[in-house]
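Architecture at a glance
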Amino acid sequence: MSVKRWEDDANVWTGPFYGEAAITYDPSVERAFVDGRIITCVDVLDWDGDGGRDLLLSAWDPCYDGRVFLRREIGQNPDGTPVLGAQELIEGVRGYVTAYRDGDIFHLVSASRMRKQIYIFPNIGEPGAPRFGDPIALDLEADWVKGNEYFHMARFVDIDGDGELELVVGSDYWNDYWPNGLEWNDEGYRAYDDAGRWLGGPLRGFLYVFKNTGTLAAPVLSRGTAMRAGENPLEVYGQLGPAFGAFDGKTTSLIAGEFWNILHIARQAEDGHFQPLSLIKGPEGAPLELDQCIHMPCVVDWNGDGRLDILVGAEDGYVTYLRNCGTGEDGHPVFEKVGRVETSAPVIHAGALPSPAAHDFSGRGRYDLVVGNSSGELMFFPAMGPHDTPTLGRDSLLTADGAPIRIAAGLPGSIQGPSEIMFGYSCPTIADWDGDGHADLLVSDVLGHHRFYRNLGDGAYPPNFAAAQLLHHGGKPLKTVWRVRPAVVDWTGSGALHYLCLDEEGRLADYRRVGDTELDDKRFIRWETGEIMSFTVDVGGGRGRAKLCVCDWEGTGRKDLIFGTHARASVPPGPEGAPRNTTKQAGLFYCRNVGTPEEPVFSLPRAMAWKGETIAMAMHVASPEAVDWAGRGQLDLVVGVEDGSLVWLKREDLSW
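In this report, we go over the structure that sits alongside the text. The residue numbering used here restarts from 1 in each chain and proceeds along that chain's sequence as written. Side-chain atom pairs in this predicted model are given and counted only at pLDDT of 80 or more, local residue features only at pLDDT of at least 70, and totals for whole chains, interfaces and linings cover all residues. Water and hydrogen atoms play no part in the side-chain values, which are based on all heavy atoms of the structure.

Quick word on the layout of surface pockets
With a 1 Å grid spanning the protein atoms alone, the term cavity applies to any set of points in which a 1.4 Å probe fits but cannot get out, the term pocket to an open set with protein on both sides within 12 Å along at least five of seven lines, and the term lining residue to any residue with an atom within 4 Å of a point. Grid points are joined across faces, edges and corners, and a volume is the space filled by probe spheres set on the points. A volume near 570 Å³ is recorded for the largest pocket. Lining of the largest pocket is provided by 28 residues; of these, Phe17, Gly19, Arg37, Arg67 and Asp643 occupy positions nearest its centre. Going along the chain from the N terminus, every DSSP run of H or I of four or more residues is numbered as a helix, and every run of E of two or more is numbered as a strand. Those elements that provide at least two residues to the lining of the largest pocket are helix 1 (61-64), strand 5 (82-89) and strand 56 (646-649). Tallied by class, residues from the lining of the largest pocket come to 17 nonpolar, seven polar and four charged. The source of the domain bounds is an automatic or database domain assignment. Built from parts of two domains, the lining of the largest pocket gets at least three residues from each of domain 1 (30-343) and domain 2 (355-655). Estimated volume of the second largest pocket: approximately 490 Å³. For this scheme, ten residues count as nonpolar: Ala, Val, Leu, Ile, Met, Phe, Trp, Tyr, Cys and Pro. Four count as charged, namely Asp, Glu, Lys and Arg, and the remainder, Gly too, count as polar.

Focus: unusual backbone geometry
Going from Tyr461 to Pro462, the amide bond is cis rather than trans, its omega being 5°. The omega torsion across Ala578 and Pro579 is -5°, close enough to zero to call that bond cis. Within the secondary structure layout, Pro579 lies in strand 48 (residues 578-579). You will see that Ala345, though not glycine, has its phi angle at about 50°, which is positive.

So, the nonpolar core
Inside soluble globular proteins, nonpolar side chains tend to come together where they are buried. Nonpolar cores are built from buried Ala, Val, Leu, Ile, Met, Phe, Trp, Tyr and Cys residues. Side-chain atoms within 4.5 Å join them into one set. Categorising residues by exposure relies on relative accessible area from a 1.4 Å probe, with only protein chains included: less than 20% of the type maximum marks a residue as buried, more than 50% marks it as exposed, and the intermediate range marks it as partly exposed. Grouped together as the largest cluster of nonpolar side chains are 32 residues, with contacts concentrated most on Ile39, Tyr177 and Phe259. Residues from two domains meet in this core; each of domain 1 (30-343) and domain 2 (355-655) gives at least three. Residue contacts are counted whenever heavy atoms from the two residues lie within 4.5 Å of one another. Other than its neighbours up to four places away in sequence, Tyr177 contacts Trp198, Gly200, Gly201, Pro202, Leu203, Tyr237, Gln416, Gly417, Pro418 and Ser419.

Some remarks on the pairing of strand 35 (residues 440-444)
Burial analysis of strand 35 places five of its five residues in the buried class, which makes it a mostly covered element. By the alternation rule, side chains of strand 35 split into Asp440, Leu442 and Ser444 and Leu441 and Val443, which are all buried. Note: two strands are recorded as paired if DSSP finds a minimum of 2 bridges between them. The sheet contact formed by strand 34 (residues 427-431) and strand 35 spans five bridges and is antiparallel. Paired with Cys427 across the strands is Ser444, a residue of strand 35. Taken together, the four bridges between strand 35 and strand 36 (residues 450-453) define a ladder with antiparallel strand orientation. Its bridge partner being in strand 36, Ser444 is matched across the sheet by His450. Connecting strand 35 to the next strand, strand 36, in antiparallel fashion are five residues, including Gly448 with a positive phi near 80°.

This is the structure:
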């Protein structure tokens, strides 16, 4: 059975370009983490022939047409790793991109979920001054293990030792994963049985080699064959990202990334295939666990000590450095997880699918940001810069009970299944929930739980928080649809707080606060038509995902609603609901409160526009926060964009 995923119909982002609105680091922030956007493919090459280790970064193309960026080595750190320079966009190149040598120049090879072909971007420039021509599409045939799998990541490498480069491609296959062939937004989808066991199968990822009988600039590729690991096809848990290196100086080994937070290693056997896969281990001999999912590695001597290390990109857009520490008892190299690669001239990146909340924690009249993301982190960006042109300081992770906050689905996993073991989708809002004069955090997540983090009020900056407590309703933990940014609101100005979220059926629900962890008096919020407000015609995991922001947007004294959606949302539900039937991309919408302070009622949504163009922000999410960002006496929007950027949309540039 062939399963059609919603990503298969994804539209490449065609909305406004928000680059001029991007919030930036303060000039005092000289270093921060490398920004690879979302689902990052990483490679290292000498781009300009000066002997440097330059970093090539490419991103998931259903959202951004697979933009490719370069950061050149401009110096060395004390540990021998490169100091990286400013980000450069590589024009005209798209997809998950890796480089391969052709004499004294190099070409680029690209895989993409948006197409069935592998692309070659031939280098038509001079040595040290690369320039790329129009892509050459390679329509490949293979002896597939599981049918016509998606290509995930490609490299040219001499896999058979004959001195000629072959095309090696890792694949991505989901048809066995979904229970009964139904995806998470299909009617009748059921993820787990009553015992919490996953009703679907595994993700699958295989490795294929294609012999080249053409040139490296214009390959002619034979029918592909699946590589084996021992007696069976070489397979990992989905989305195989291949990299290769001779760690012992003689025998090629495969490093294979997959969907989960682990890497595999296997030496090549004498017949050209591979020995059985082993998990990459840390210095203590335990499997090395990474911080996110969907890993795309490259092999390079990153610190110049003569040993091959690993850099690995992931779903969260960061690149992690794994330092080769020598050889383990099994004969394979062992690696230390040093951490995320840093760069000079950094660009603000808040993980993938960021959800910002603003508050002045310092009391200086400037707004800091707390940002949730797909990794379940709560990142803190301190306010800096002049009031009229605010910037942000270097980010850090907020802590609760002394430990960094990191929400994760774990097993059995999210409504989308066990593949999402590492996802958290933290969605914070900020309010003085317990009335002690200090701003607390209220956070929804991947499982539809709702957490209260009490501000310890100890004067720390960033603030410290107590361990999470779950909100309750009806005598049990509140469990709703997932990935919704909640709102805390005092509708009447009386000091009575209400908690606004989507309930277990995806309906906009208002709960009255009756204690730090207790909610009561659930009521539904309605459209002006009398219908209960909801945000999609989908079911299961298609529900939720909305980002709520309640504010007096027009200065009428009533609390209005601004919300962000994903691309498949249909607001209001039905054949004309946006953005499903309009831009088909994540958007922002405004609903005026046409009721009373005691009984809010909202007008049907109006799509918000920026500089006259309807806001469209890729596929998964657009997350708004209304805040007087520059102290101008009026509300603007700070928005988290799917690729990890944060943008400031000034009120005068918005229409609704």
